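Given next are the chains, with one letter for each unit.
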Amino acid sequence: MGAGGNVSATITKTEQKKRVPSSKPPFTLGDIKKAIPPHCFQRSLIRSFSYLIYDIILVSIFYHIATTYFHLIPSPFYYLAWPAYWIVQGCVCTGIWVIGHECGHHGFSDYQWVDDTVGLILHSSLLTPYFAWKHSHRRHHANTGSLENDEVYIPRLKSKLRWYYKYLNNPLGRVFVLAFTLTFAWPLYLLFNISGKKYDRFACHYDPYSPIYTNRERLQIYISDAGVIAATYVLYRVALTQGLTWLVCIYGVPLLIVNGFIVLITLLHHTHSSLPHYDSSEWDYLRGALATVDRDYGVLNKVFHNVTDTHVLHHIFSYISHYHAMEATNAIKPLLGEYYQSDDTPIFKAMWRDTKECIYVENGKGSQGKGVYWYKNKL
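Residues numbered from 1 in each chain as written. Predicted model: local features only at pLDDT ≥ 70, side-chain atom pairs only at ≥ 80, totals over all residues. Heavy atoms only, no water.

A.B. asks: What should I look at first to understand the pattern of salt bridges in this one?
C.D. replies: Note on pairing: side chains with opposite charge can pair once their charged atoms come close. In this structure the tally under the stated criterion is ten salt bridges. A salt bridge links Arg295 to Asp343; the nearest nitrogen and oxygen atoms lie 3.6 Å apart. Here Asp343 lies in strand β3 (residues 342-343) and Arg295 lies in strand β2 (residues 294-295), a separation of 48 residues in the sequence. Asp343 carries the same exposure label as Arg295, and that label is buried. Connected via shared salt-bridge partners are Arg295, Asp343, Arg353 and Asp354. (Salt bridge = Lys/Arg side-chain N within 4 Å of Asp/Glu carboxyl O. Helix = DSSP H or I, 4+ residues; strand = E, 2+ residues; numbered from the N terminus. Buried < 20%, exposed > 50% of the residue type's maximum accessible area, 1.4 Å probe, protein only.)

A.B. asks: I would appreciate a short explanation of the packing of helix α5 (residues 112-125) against helix α9 (residues 218-242) in the present structure.
C.D. replies: Each packed pair of helices is defined by two parameters, the angle between the axes and the distance between the axes. α9 packs onto α5 with a crossing angle of 45 degrees between their chain directions and a minimal axis gap of 8 Å. The pairing of α5 with α9 is recorded here as oblique in orientation. For the pair α5 and α9, the crossing hand works out as right-handed. Side by side, α5 and α9 meet where Leu120, Ser124 and Ser125 of the first sit next to Ile223, Ser224, Gly227, Val228 and Ala231 of the second. Here the contact of α5 with α9 is built from residues that sort into four nonpolar, four polar and no charged. (Axes fitted to C-alpha atoms, helices over the stretch in contact; angles between N-to-C directions. Parallel < 35°, antiparallel > 145°, perpendicular 65-115°, else oblique. Left-handed = near helix turned anticlockwise from the far one by under 90°. Contact = heavy atoms within 4.5 Å. Nonpolar A, V, L, I, M, F, W, Y, C, P; charged D, E, K, R; others polar.)

A.B. asks: Before we go on, may I ask you to explain the side chain of Asp309 in this structure?
C.D. replies: Mapping Asp309 onto the fold places it in the loop between α12 (300-303) and α13 (311-316). Buried and unpaired, Asp309 has Lys302 as its nearest opposite-charge partner, separated by 6.6 Å. Separated by 3.1 Å, the side chains of Asp309 and Asn306 make a polar contact. Discounting chain neighbours no more than four positions away, the residues touching Asp309 are Asp294, Arg295, Asn301, Met326 and Tyr340. (Lys, Arg positive; Asp, Glu negative; His and termini not counted. Polar contact = N/O pair within 3.5 Å; in protein donor to acceptor, adjacent residues only side chain to side chain.)

A.B. asks: Can you help me understand the nonpolar core in this one?
C.D. replies: Grouped burial of nonpolar side chains is what soluble globular proteins tend to show. Ranked by internal contacts, the top residues of the largest apolar core, which has 43 residues, are Trp97, Val118, Trp186, Phe261, Leu264, Tyr297 and Phe304. Put simply, the parts of the chain that give this core at least two residues each are α3 (45-69), α4 (77-104), α5, α6 (130-142), α8 (171-192), α9, α10 (244-270) and α15 (347-357). Sort the elements by how many residues they give to this core and α10 lands first, with eleven residues. Sequence-distant contacts of Phe304, defined by excluding residues within four places in its chain, comprise Cys91, Thr94, Gly95, Val98, Phe261, Ile265 and Tyr297. Phe41, Leu290, Val312 and Ile320 belong to the second-largest nonpolar core, a separate cluster that totals 19 residues. (Core = buried A, V, L, I, M, F, W, Y, C linked by side-chain atoms within 4.5 Å.)

Take a look at the structure:
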């Protein structure tokens with residue numbers, strides 16, 4: 001127990017040295033924009049569709065291989081082929097989901113109706129309510145890092161921790177938390193706003209009258225619901241024709257992997273011991289946008305259209321298309337300096353470490369202001 005305490009203290013000192021500055025930056029949003037080559041703000045309909053078509057071709061190839069050849073593979077290799085299919089199909093479909101997400105930020109083309117049409121189709125096919133997610137996610141971007149107003153991934157204060165946290169603060173508990181989070185967190189967030197902003201009444205992404213949305217947005221929530229219902233009906237008809245087991249193997253398991261990656265990617269972008277959170281006395285848009293971290297997923301960076309390793313830029317200018325994001329990120333790094341944070345820790349290691357170290361936030365001693373909060377893990 002004593003040795004563990006010494007290790008914890010060492011980690012804390014190291015984290016403090018690497019913390020993103022929480023003071024007001026010496027540069028403005030306009031300065032950052034000037035540092036980015038002007039062509040990075042241009043959206044190409046043809047180029048955007050080329051990435052989407054490429055992903056759809058890959059999905060079609062994997063589907064064809066699984067449905068045409070897998071039954072010819074002898075045992076035990078047959079049982080290895082399906083997990084391989086689930087993984088690669090899930091990863092590529094995550095890339096398709098990311099393109100739908102880009103449509104929600106108006107980063108796909110210069111035409112809003114094109115972006116919304118493409119986004120609605122892509123997200124509905126993956127059972128995500130497009131407009132509902134678009135509006136709540138934009139509020140997240142508008143309030144990132146705010147303890148009072150952020151829309152999702154709002155860390156708890158130590159005084160607000162539930163009683164069971166102390167029983168989960170061990171390796172077995174973390175395995176359970178991670179398994180539950182990667183499997184159920186996304187549908188629970190959409191259905192019950194789990195981990196989302198606390199409202200004075202029930203909040204649900206499928207409810208047009210949810211407090212998440214304004215009166216002007218309600219019709220679009222109905223459209224989102226219609227898209228998900230239509231996709232669900234198609235899946236129902238497929239299950240009647242091909243069987244439920246076939247549908248689960250071809251579509252269901254890859255969808256679970258997509259859902260897991262959605263949670264993992266967004267969670268790790270906003271959960272890191274070096275990142276500050278702010279209350280209303282300190283928060284502003286730029287400091288909140290900078291309170292994110294770029295991650296390295298290896299080859300999956302490309303599969304996920306660089307949403308993983310250009311997330312800091314994405315929170316500053318969310319409408320920049322993914323194919324310009326790396327160039328724009330490299331352009332702003334010298335200006336951001338210490339305010340830019342990236343972490344190339346292998347993802348599974350980072351997931352385990354940050355789940356262990358980032359349990360709650362509290363006001364840090366030596367912070368620039370009383371309204372600056374940092375992650376802690378000592379219960």
